[in-house]
Amino acid sequence: MNIEEKIKKIKKDKNAIVLTHFYAKPEVQNIADYLGDSLALSQYAQKTTADIIVFAGVYFMAETAKILNPTKKVYIPDRESLCSLADSCPADEFAEFKQKYPEHIVISYINSTAEIKMLSDIICTSSNAKKIISSLDKNQKIIFAPDRNLGNYLNKELNRNMILWDGACHVHDNLKVEHLVELKKQYPSAKVIAHPECRQFILELADFIGSTTALINYVEKSLDDTFIVATETGILHSMRKVAPNKKIVILGSEENSECNDCKYMKLNTLEKIYDCLNQGKNEIVLDEKTIEKAKLPILRMLELS
Ligand code: 13P
Ligand code: SF4
């Protein structure tokens, strides 16, 4: 049996599923039982009846799945699959920062650790952030963490004045506006589409801004045939599947090449997925108090989504 067949068999034998994100390697996306953006993945993890979830994404995603469905065994193929954005907000520093704003509620992006979720009132993702913030009273004072780029974008779009934690994703924050301008010259009719974790200068040049799912849907449904995409490279696999005849160019962090990989997402390999299913390796373990406290703001998000 090849590795794909071995994974298929062991999943069936153990009543297990593999979840992954659009930034994972193509071969990982191809074998997943479910592929989605952060919101859809958490909704899927909450509802699954499988006994085992292998989360071939990054740590905060697997942790969120465990929080939402704690009776399941949740594994991550590589323990080093972290997220630079989640790690840009240490819980002790954030707790201190929060104390300065006693009248503010905390809205945190799902790309955050369980400790940050425990310090938050509502979680959001790139696909529901606008809806969630718009549902709150205009006078409600808000701290937004950890992504300053997404927070800044939301402040502008929704005419809010949220206090922002100064965090960022190393992939999106490094995309250069000069490269985008060069690419626009090369492909003058292209539509520019961007993930809201990008810096403001990139977002200002975008024709469309959205979550990974929204970006893929945009390319599929658009009547245009050329796109410059400002996000992580893994998305190209799903985009080219839904729009095989369209020209899709990725904005790279250096020399317009396809080098803006999320190194953490790319740690997921078929071999590691098989090993963690076979050996029960890298289980996500959280204590009851963490699960209980971190779950509340995630459930608020799911209610509001
Ligand atoms: P999405 O929720 O849009 O898939 O984003 C997840 C992520 O990690 C972006 O860097
Ligand atoms: Fe985190 Fe950035 Fe990787 Fe998304 S692309 S998982 S925000 S490090």
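Residues numbered from 1 in each chain as written. Chains lettered and ligands numbered in written order. Predicted model: local features only at pLDDT ≥ 70, side-chain atom pairs only at ≥ 80, totals over all residues. Heavy atoms only, no water.

Participant: For this particular structure, what's the right way to read the pattern of salt bridges?
Facilitator: Close approach of charged atoms allows side chains of opposite charge to pair. Tallied over the entire structure, the rule returns 11 salt bridges. In this structure, K130 engages E157 in a salt bridge whose closest nitrogen and oxygen atoms are separated by 3.1 Å. You can see K130 sitting in helix α8 (residues 129-134) and its partner E157 sitting in helix α9 (residues 148-158), a full 27 residues away along the chain. As a salt-bridge pair, E232 and K266 come within 2.7 Å of each other at their nearest N and O atoms. Of this pair, E232 sits in the loop between β11 (226-230) and α14 (235-242) while K266 sits in the loop between β12 (247-250) and α15 (270-279), and the two are 34 residues apart along the sequence. Assessed through its relative accessible area of 0%, E232 is described here as buried. One network of salt bridges, in which partners are shared, links R148, D166, D173 and R199. (Salt bridge = Lys/Arg side-chain N within 4 Å of Asp/Glu carboxyl O. Helix = DSSP H or I, 4+ residues; strand = E, 2+ residues; numbered from the N terminus. Buried < 20%, exposed > 50% of the residue type's maximum accessible area, 1.4 Å probe, protein only.)

Participant: Please clarify how the environment of D287 should be interpreted in this entry.
Facilitator: Assignment of secondary structure puts D287 in the loop between α15 and α16 (288-304). Sequence-wise, D287 and P70 are 217 residues apart; in three dimensions their C-alpha atoms are separated by 10.0 Å. Reaching out from D287, the side chain makes a polar contact with the backbone nitrogen of T290 at a distance of 2.8 Å. (Polar contact = N/O pair within 3.5 Å; in protein donor to acceptor, adjacent residues only side chain to side chain.)

Participant: Explain the sheet that holds strand β8 (residues 163-164) here, please?
Facilitator: What links the strands of a sheet is backbone hydrogen bonding, and the strands pair in either a parallel or an antiparallel sense. Within the open sheet, the four strands sit side by side as β6-β5-β7-β8. Their pairing is parallel. One side of each edge strand has no neighbouring strand; the edge strands of this open sheet are β6 (122-124) and β8. In the sheet, strand β7 (residues 142-145) pairs with β8 via two bridges, with the strands oriented parallel. Each residue of the ladder has a partner; that of I143, found in β8, is I163. (Pairing = 2+ DSSP bridges.)

Participant: I'm lost on the site of ligand 1 in this one. Help?
Facilitator: Near ligand 1 you find H21, Y23, D37, S38, Y109, N111, S126, H172, H195, E197, S211 and T212, and these make up its full shell. Contacts to ligand 1 include H195, whose side-chain N or O atom sits 2.8 Å from an oxygen atom. E197 has a polar side-chain atom sitting 2.9 Å from an oxygen atom of ligand 1. Across the shell around ligand 1, the residue classes break down as two nonpolar, eight polar and two charged. (Near = heavy atom within 4 Å. Nonpolar A, V, L, I, M, F, W, Y, C, P; charged D, E, K, R; others polar.)

Honestly, it's all geometry; don't read function into it.
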